[in-house]
Amino acid sequence: MSKALGVLIAALLVFPALSFAHQGRGEIIKTYHDQQKEETKAQHETQREENKSFREGLKEKSKEEKVQAFKEHRQIQFQENKAFSQTQHEENMSFLKAKLANNNRLSDSQKSELISYFENQYQENVSFRDTRHGENIAKFEAIANDPNMTQKQKKAAIKDFLVQQKAETKQHIETQKSENKSEWQKIRSESKVQNQTAK
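What you see is a predicted model, and the numbers here were worked out from it, not measured in a lab. (Residues numbered from 1 in each chain as written. Predicted model: local features only at pLDDT ≥ 70, side-chain atom pairs only at ≥ 80, totals over all residues. Heavy atoms only, no water.)

## Topic: the environment of I137
Relative to the elements of secondary structure, I137 occurs in helix α4 (residues 108–144). In this structure I137 comes out as buried when scored by relative accessible area, which is 15%. Distance in space between the C-alpha atoms of I137 and K71 is 7.1 Å, their sequence separation being 66 residues. Among residues more than four places away in sequence, those in contact with I137 are K71 and R74. (Helix = DSSP H or I, 4+ residues; strand = E, 2+ residues; numbered from the N terminus. Buried < 20%, exposed > 50% of the residue type's maximum accessible area, 1.4 Å probe, protein only. Contact = heavy atoms within 4.5 Å.)

## Topic: the packing of aromatic side chains
Across all of its chains, the model carries 4 aromatic pairs by this definition. Ring centres 5.7 Å apart and planes at 65° place the aromatic pair F70 and F140 in the edge-to-face group. Note that F70 is positioned in helix α3 (residues 63–101) and F140 in helix α4, a separation of 70 residues in sequence. Residue classification places F140 among the buried positions, given a relative accessible area of 11%. With 6.0 Å between their ring centres and 80° between their planes, F140 and F161 make a pair best called edge-to-face. Linking F140 in helix α4 with F161 in helix α5 (residues 151–198), this pair joins segments that are 21 residues apart in sequence. Aromatic rings pair up to connect F70, F140 and F161 into one cluster. (Phe/Tyr/Trp six-rings, centres within 6.5 Å; stacked < 30°, edge-to-face > 60°.)

## So, the pattern of salt bridges
Within this structure, the stated rule accounts for 7 salt bridges. One salt bridge connects K177 with E174, and the closest N-O pair in it is separated by 3.7 Å. Here E174 and K177 lie together in helix α5, a separation of 3 residues that amounts to about one turn. Where salt bridges share partners, they join E113, E183 and K186 into one cluster. (Salt bridge = Lys/Arg side-chain N within 4 Å of Asp/Glu carboxyl O.)

Written as structure tokens, this is what we have:
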């Protein structure tokens, strides 16, 4: 799940746990957001530890074995991240639907529009991650198999590629934040008009 989607959903939802019963809306949002953040942090930390162990196990392997093992390892982690993201998305959508079900200010069509919007955005994120993963594998293989590069040059090329990718990911997230803001402004504006007309 993208950070933008997680932040936005977290800002909208009330986590229905008893521990939140005495908290104000802002505290509930913060608590939910912090929980999602901690889950993501734990997922990343687990994978960092797996990566460390994985690299230790590569020391005695040949170059070809290392390349193949790296490819398999990245694919396994990619699938784990995909499953993690799907689980968080499903949780967020359940919270959103529950929150919208209790919202009397939005029409049924506005509620459906929001649900569709976030579902579509999630699918865009899945596509973005799938594309990025394919690019990663292709680039890493090309660098690893380039006979004209030294080990130091290969490390530098991978580092440069990751810096570029980080910038692209940041731009993707910023674009989604902007889209989210526009969507919410549109819905709020429609809701105000509806509520004023109903009075």
